[in-house]
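Listed below are the residues making up each chain.
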Amino acid sequence: MGQSGRSRHQKRARAQAQLRNLEAYAAQPHSFVFARGRAGRGVRQLSLDLRRVMEPLTATRLQIRKKNTLKDCVAVAGPLGVTHFLILSKTETNIYFKLMRLPGGPTLTFQINKYTLVRDVVSSLRRHRMHEQQFAHPPLLVLNSFGPHGMHVKLMATMFQNLFPSINVHKVNLNTIKRCLLINYNPDSQELDFRHYSIKVVPVGASRGMKKLLQEKFPNMSRLQDISELLATGAGLSESEAEPDGEHNITELPQAVAGRGNMRAQQSAVRLTEIGPRLTLQLIKIQEGVGEGNVLFHSFVHKTEEELQAILAAKEEKLRLKAQRQARQAQDVQRKREQREAHKKKSLAGMKRARAGADGDSDAEDPGVSPETQRAGQQEEEEDEAEYFRQAVGEEPDEDMFPKAAKRRRPAGPPGKKQQGRERRPGQGTDYRPPKAKGRPQRGQVLCPAQPTSRQPLTAFSVASRKAFCGPCWWWSSWWPWPATAWPSTALAHGSSAHGTPLWSSRPSWPSATCSMP
């Protein structure tokens, strides 16, 4: 058979109940309890005991490392719904306890004058009562003597009240109240007494023997004649087992409480057993923010109205300067962002043009070479040729040879003095190697077309022919007035001896078939 509709309604109701519980749990205050700095073993154990007091609405396994700052804790507390910080710290002289309200403050700083750990309190009791079920619900907060003693006292009371969820006295379940936290304020010493108790409810009006039977603890009845003796007189029981109850702790229960004999509309005694820790606190100061801000109250430092106004003015000036710096930084960031965007667009446009030129795109616009650039290049080329002619021949070229090149004359020396220069020794044309022309690459293994056996460097000088010749061949070709068919042998131009043999004789020999001079 199929599943009935009742189960679907039960699942829906269960899901809605869980959602309501989660919303109610998220609306309750939560806390972080931890120690900061070099607190020592005792203070760290005290932080664990305070964490035990704040259960279950606290981080039980919270771990704070040395590198974690207060800002890190605040950043984590927001998503987790944490509303309070309880921080312990230790200096060379005192131990301090800070109570912070998140996210905007205030911060209460207390000095711990005395403290006792849980283990010391429990060891001092003859019979202690503490189990895990007591920490399944938050404790009941009791504030005593927080009267009209000043605004700082009222603020303290409000901060302690907000540490724990509020209680509706008409709807509260008494079975959820297993612990009690008592904070007592002493107006004379201005100290706070912090005490933590466990709550136990027992019925009254029954003898000690009846209580033993109700608790399933059977006493030794070997000396009794009848069980009535046990119920009437409580014979055989020690006096230490009797609890001193009176009007101060006997009340009528409005509802049934877990435990044998605790019935509704019956009188029961409420007993408190201290389970620790104990603290004696003294308020030092109250700050406006979380760990910083204006000091609203200080126990030892009192300032006049003029000093307060001066502090307020200095703080406003500091905030104004900070706002100016932030505005200037925002402008700089915006300007740099715009520059990066402009540079990016320019780079992309250049890459697009380069890609279009490489692909041979006809649509791409080719700027070409400007006429001014061409003329400048030709002029520079002729200037290089004229300079090489001066170095090779030692004379100025004719005007019609390089018409576009600028004329460069050798500086004339002072009158009456000869120009100092090196003499051309006989045979210098054979061993002389002119320098490389500026802007012209050297033709490494190319031979002179006029004389293949020449080892002279090759340089192109003839604008019309655009061919490369060695220095002597070019010099002969530049002044030889006859037609190209009447060229003498270039072997004479290169010279055949280094002992003054003339560069060429009156009996010219004709060039060989391998000569390709124009």
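Parameters and conventions
Residues numbered from 1 in each chain as written. Predicted model: local features only at pLDDT ≥ 70, side-chain atom pairs only at ≥ 80, totals over all residues. Heavy atoms only, no water. Salt bridge = Lys/Arg side-chain N within 4 Å of Asp/Glu carboxyl O. Helix = DSSP H or I, 4+ residues; strand = E, 2+ residues; numbered from the N terminus. Buried < 20%, exposed > 50% of the residue type's maximum accessible area, 1.4 Å probe, protein only. Patch = residues over 30% accessible without salt bridge, like charges linked within 9 Å, V, L, I, M, F, W, Y side chains within 5 Å. Areas by Shrake-Rupley, 256 points an atom, 1.4 Å probe, with all protein chains shown as cover. Lys, Arg positive; Asp, Glu negative; His and termini not counted. Charge placed at Lys NZ, Arg CZ, Asp CG, Glu CD. 1 Å grid on protein atoms, 1.4 Å probe; cavity = no way out; pocket = protein on both sides within 12 Å on 5 of 7 lines; lining within 4 Å. Points joined across faces, edges and corners; volume = space filled by probe spheres on them. Core = buried A, V, L, I, M, F, W, Y, C linked by side-chain atoms within 4.5 Å. Contact = heavy atoms within 4.5 Å. Nonpolar A, V, L, I, M, F, W, Y, C, P; charged D, E, K, R; others polar. Polar contact = N/O pair within 3.5 Å; in protein donor to acceptor, adjacent residues only side chain to side chain. Phe/Tyr/Trp six-rings, centres within 6.5 Å; stacked < 30°, edge-to-face > 60°. Lys NZ or Arg CZ within 6 Å of the ring centre and 35° of its normal.

An unreviewed UniProt entry annotates the chain as Suppressor of SWI4 1 homolog isoform X3 of Leptonychotes weddellii.

Attention now moves to the pattern of salt bridges. A complete count under the given rule lists five salt bridges for this structure. In this structure, Glu-132 engages Arg-52 in a salt bridge whose closest nitrogen and oxygen atoms are separated by 2.8 Å. Placement of Glu-132 in the loop between α4 (118-124) and β5 (140-144) and of Arg-52 in helix α2 (residues 41-53) is noted, with a sequence separation of 80 residues between them. Judged by its relative accessible area of 56%, Glu-132 is exposed. A relative accessible area of 27% means that Arg-52 is categorised as partly exposed. In this structure, Asp-332 engages Arg-335 in a salt bridge whose closest nitrogen and oxygen atoms are separated by 3.7 Å. Here the residue Asp-332 and the residue Arg-335 both occupy positions in helix α8 (residues 305-359), the gap between them amounting to three residues, near one helical turn. Residue classification places Asp-332 among the partly exposed residues on the basis of a relative accessible area of 30%. The exposure class assigned to Arg-335 is partly exposed, which follows from its relative accessible area of 40%. Connected through salt bridges with shared partners, the residues Arg-52, Glu-55 and Glu-132 form a single ionic network.

Here we take up unusual backbone geometry. Following Gly-105, the chain continues into Pro-106 via a peptide bond in cis, with omega recorded as 10°. For Pro-106, the position within the fold is in the loop between β3 (95-101) and β4 (107-116). A cis geometry characterises the amide bond from Gly-276 onward to Pro-277, with omega recorded as 5°. Inspection of the secondary structure assignment puts Pro-277 in the loop between β9 (267-274) and β10 (278-287). Despite not being glycine, Gln-190 shows a phi value in the positive range, around 55°. Structurally, Gln-190 can be placed in the loop between β6 (179-186) and β7 (191-203). Classification of Gln-190 by relative accessible area gives partly exposed; the value is 41%.

Glancing now at a positive patch on the surface. Side chains of Lys-71, Lys-315, Lys-318, Lys-322, Arg-325 and Arg-328 sit close together on the surface and give a patch of like positive charge. The biggest single contributor to the positive patch is α8, with five residues. In this fold, Lys-322 is placed in helix α8.

This brings us to the layout of surface pockets. Here the second largest pocket is characterised by a volume of approximately 550 Å³. Lining the second largest pocket are 20 residues, and of these Gln-28, Pro-138, Pro-165, Ser-166 and Ile-167 lie nearest its centre. Where the lining of the second largest pocket is concerned, the elements lending two or more residues are β5 and α5 (151-162). Per-element accounting of the lining of the second largest pocket gives the leading share, four residues, to β5.

Quick look at the nonpolar core now. In this structure, Phe-97, Leu-99, Phe-110, Met-156 and Leu-192 are the most contacted members of the largest nonpolar core, which totals 34 residues. In terms of residue count, α5 provides more of this core than any other element does, five residues in total. Not counting chain neighbours up to four residues away, the residues in contact with Met-156 comprise Leu-108, Phe-110, Phe-146, Tyr-185, Leu-192 and Leu-283. Formed by eleven residues, the second largest nonpolar core is a distinct cluster that contains Phe-32, Leu-62, Phe-85 and Leu-102.

Sizing a probe to match a water molecule and rolling it over the atoms shows the empty space that remains. Under the criterion given, the structure shown has three cavities of 30 Å³ or more. Approximately 100 Å³ is the volume attributed to the largest cavity. Along the wall of the largest cavity there are 15 residues; nearest its centre are Leu-86, Phe-97, Phe-160, Leu-163 and Phe-194. Secondary structure elements with two or more residues in the lining of the largest cavity: α2, β3, β6 and β10. By residue class, the composition of the lining of the largest cavity is 15 nonpolar, no polar and no charged.

What follows covers the side chain of His-196. Positionally, His-196 belongs in strand β7. His-196 gets classed as buried once you look at its relative accessible area, which sits at 1%. Polar contacts involving the side chain of His-196 include one to the side chain of Arg-179, which spans 3.2 Å. Among the polar contacts listed, one links the side chain of His-196 to the backbone oxygen of Gly-276, at a separation of 2.9 Å. Excluding residues that lie within four positions of it along the chain, His-196 makes contacts with Val-53, Phe-135, Arg-179, Cys-180, Leu-181, Thr-273, Glu-274, Ile-275, Gly-276 and Pro-277.

Below, the discussion takes up the packing of aromatic side chains. With the rule as written, the count across this model stands at five aromatic pairs. Measuring from ring centre to ring centre gives 5.7 Å for Phe-32 and Phe-85, while their planes differ by 5°; the resulting arrangement is stacked. In this pair, Phe-32 sits in strand β1 (residues 31-35) while Phe-85 sits in strand β2 (residues 84-90), placing the two residues 53 residues apart along the sequence. Judged by its relative accessible area of 0%, Phe-85 falls in the buried class. Counting every residue linked through ring pairs, the aromatic cluster contains Phe-32, Phe-34 and Phe-85. Residue placement shows Arg-52 over the ring face of Phe-135; its charged tip is 3.9 Å from the ring centre.

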